[in-house]
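# Reading the structure
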Amino acid sequence: MSFCSEYDFEIDRIVEELRFLGVEKVLLQFTEGFQPCAPYVVRELRSRLGIEIVVSANPSYGPCIVDEATARDLGIELVIHFGHLEHPRYRPSITTIFVPVQYRGEAKLGNVEELASLRNLCVATTAQHIDLAKDLAEKLSARFLGIVYGCYVPPYQGCEKLLIVAGGSFHCLSAKLLAPHLEVLCLDPYVGRLWRPDREYEKLIRARLWKVSQALDARRWLIVSGLYGQRRKEIVNDLRNLIEDRGGEVIVVHALRIDESILRNLEAHRFDAIVVAACPRIAIDDLQHFEKPVLTPGEARMVLERRLEGYVYPW
């Protein structure tokens, strides 16, 4: 419970909104990291509301995956999605309240004062650190941009340097991939580490270009698409047409959870190349080790168009 108590699940706001809307049945969806806090949130809501509360244990890696199917199947009136804010490229078909679950524990800022002299500095963050990032932007005379995701960074025109306030390295590396020409700095408020992702970025780019080179002679392709906000029909159709126009063979499958076991079950080792057309970070972070090249849509286009320079983040 100590972990959950350091975050703001906005119970009062949720109760007020549910009473105002008059709903009788809601679905709670938590990001993977906050799922252990589900019993706490359910107890708090049940103590104040006489409604039916259902918890989804399906994947919730980002705001691009709101559990619409479960909601429709169970006759849910409203989804409460904890841990993210709405994705700019996906609006759920089910009414959804997004709760960012902001961190209210002690933030460790390290030597962040040294950034005050930087010109044209901008700040972006994750849902958990919005208030902290806004305060930092004001203290540093910087511009607050908004939320960064694994596949998206807010418009950064006019920025020369970009500070990402987030735990770990995932979102900071995302920003460097999405804005490679910017100087990206990273602040982890849990441990007070201020760092730059340049070395990790260069290592990752070399690895990805190697994967691209391995797929140059691919004829048999497997495209794995996602669901909800990760079901990108236009990208899948575009890749299918490119492959077939060049005389290749392609099979398209759809999955909610995409991992190595999915590829094994599909005997993906029999294909020459695999494209994950859902979240681009799955190929990069989770399937880098697979014996056949697993590419993002952008990398697949590089192969199919024989374009091996000017690498751009492969959304």
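Rules behind the numbers
Residues numbered from 1 in each chain as written. Predicted model: local features only at pLDDT ≥ 70, side-chain atom pairs only at ≥ 80, totals over all residues. Heavy atoms only, no water. Helix = DSSP H or I, 4+ residues; strand = E, 2+ residues; numbered from the N terminus. Rg over C-alpha atoms; globule rule 2.2 N^0.38 Å. Buried < 20%, exposed > 50% of the residue type's maximum accessible area, 1.4 Å probe, protein only. Contact = heavy atoms within 4.5 Å. Axes fitted to C-alpha atoms, helices over the stretch in contact; angles between N-to-C directions. Left-handed = near helix turned anticlockwise from the far one by under 90°. Nonpolar A, V, L, I, M, F, W, Y, C, P; charged D, E, K, R; others polar. Pairing = 2+ DSSP bridges. Right-handed = clockwise from strand over helix to strand, strands pointing away. Polar contact = N/O pair within 3.5 Å; in protein donor to acceptor, adjacent residues only side chain to side chain. Phe/Tyr/Trp six-rings, centres within 6.5 Å; stacked < 30°, edge-to-face > 60°. Lys NZ or Arg CZ within 6 Å of the ring centre and 35° of its normal. Core = buried A, V, L, I, M, F, W, Y, C linked by side-chain atoms within 4.5 Å. Disulfide = S-S within 2.5 Å.

## Brief notes about the overall build of the protein
Helices and strands together make up the secondary structure of the protein, namely eleven helices and 15 strands. For 315 residues, the compact-globule estimate of 2.2 N^0.38 gives 20 Å, and the C-alpha radius of gyration of the protein, at 21 Å, lies within 12% of that figure. Considering only C-alpha atoms, the protein reaches an extent of 60 × 55 × 30 Å along its principal axes. Relative to its 315 residues, the protein shows a buried fraction of 54%. Long-range contacts, defined as pairs at least 24 residues apart, comprise 64% of the intrachain contacts of the protein with a sequence gap of at least 6.

## Observations concerning the packing of helix α6 (residues 170–178) against helix α7 (residues 198–214)
The contact between α6 and α7 brings their axes to 10 Å, and the two run at 65 degrees. α7 is crossed by α6, and the crossing has right-handed handedness. For the pair α6 and α7, the contacting residues are L173, K176 and L177 in the first and D198, E200, Y201, L204 and I205 in the second. Looking at side-chain class alone, the contact of α6 with α7 contains five nonpolar, no polar and three charged residues.

## Structural notes on the sheet that holds strand β15 (residues 294–295)
Hydrogen bonds between backbone atoms are what pair the strands of a sheet, whose relative direction is either parallel or antiparallel. Strand order in the open sheet formed by four strands is β13-β12-β14-β15, with parallel pairing between adjacent strands. Either end of the sheet is taken by a strand with one partner, and the two such strands are β13 (249–254) and β15. Bridging between strand β14 (residues 273–276) and β15 involves two bridges; their strand directions are parallel. When the bridges of β15 are listed, I274 appears paired with V294.

## Side note on the pairing of strand β2 (residues 25–30)
With six of its six residues buried, β2 lies for the most part within the structure. Here β2 shows no split at all, with K25, L27 and Q29 on one side and V26, L28 and F30 on the other all buried. The pairing of β2 with strand β3 (residues 52–56) spans five bridges and is classified as parallel. Looking at the pairing, V26 lines up with I53 of β3. Once you follow β2 into helix α3 (residues 38–46) and on to β3, the crossover reads as right-handed.

## Quick look at the side chain of T70
Along the chain, the position of T70 falls in helix α4 (residues 68–73). A polar contact of 2.8 Å, which involves the side chain of T70, links it to the side chain of D67. Excluding residues within four positions of it along the chain, T70 makes contact with L27, N58 and I76.

## Digging into the packing of aromatic side chains
With the rule as written, the count across this model stands at ten aromatic pairs. Note on F3 and Y7: the rings are 5.2 Å apart at their centroids and 55 degrees apart in plane angle, and the pair reads as tilted. The exposure class of F3 is partly exposed, given its relative accessible area of 37%. On the basis of relative accessibility, which here comes to 10%, the residue Y7 falls in the buried class. Ring plane angle 70 degrees and centroid distance 5.0 Å describe the contact between Y7 and F34, whose orientation is recorded as edge-to-face. Of this pair, Y7 sits in strand β1 (residues 7–8) while F34 is found in the loop between β2 and α3, placing the two residues 27 residues apart along the sequence. Through successive ring pairs, a cluster of aromatic residues spans F3, Y7, F9, F30, F34, Y40, F82, Y103 and Y190. Geometry around Y201 places K176 over its ring, the cationic atom sitting 5.6 Å from the centre. The ring of W195 carries R193 above its face, with NZ or CZ at 4.3 Å from the centroid.

## A few points about the nonpolar core
Of all hydrophobic cores here, the largest spans 28 residues; its most connected members are F9, L18, L28, V41, L45 and F82. Secondary-structure elements contributing two or more residues to this core are α2 (11–21), β2, α3, β4 (78–82) and β5 (96–99). Here the element with the most residues in this core is α3; it accounts for five residues. With residues near it in sequence (within four places) discarded, F9 still touches C4, I14, F30, F34, C37, Y40, V41, F82, V99 and V101. Of all hydrophobic cores here, the second largest spans 18 residues; its members include V236, V250, A273 and A300.

## Focus on the pairing of strand β7 (residues 121–125)
Where burial is concerned, most of β7 is hidden: five out of the five residues are buried. Burial along β7 is two-sided: the face carrying L121, V123 and T125 and the face carrying C122 and A124 are both buried. Relative to strand β9 (residues 161–165), β7 is paired through five bridges, and the arrangement is parallel. What sits directly across from A124, in β9, is I164. In terms of strand pairing, β7 meets strand β8 (residues 143–147) through four bridges, oriented parallel.

## Details of the state of the cysteines
On inspection of all chains with the given rule, the structure shows three disulfides. The disulfide partner of C4 is C37, and the S-S distance across this bridge is 2.1 Å. A torsion of -95 degrees about the S-S bond marks the disulfide between C4 and C37 as left-handed. A residue pair is termed long-range when its members are at least 10 positions apart, and C4 in helix α1 (residues 2–5) and C37 in the loop between β2 and α3 qualify at 33 residues. You can call C4 buried: its relative accessible area is 6%. Classification of C37 by relative accessible area gives buried; the value is 0%.

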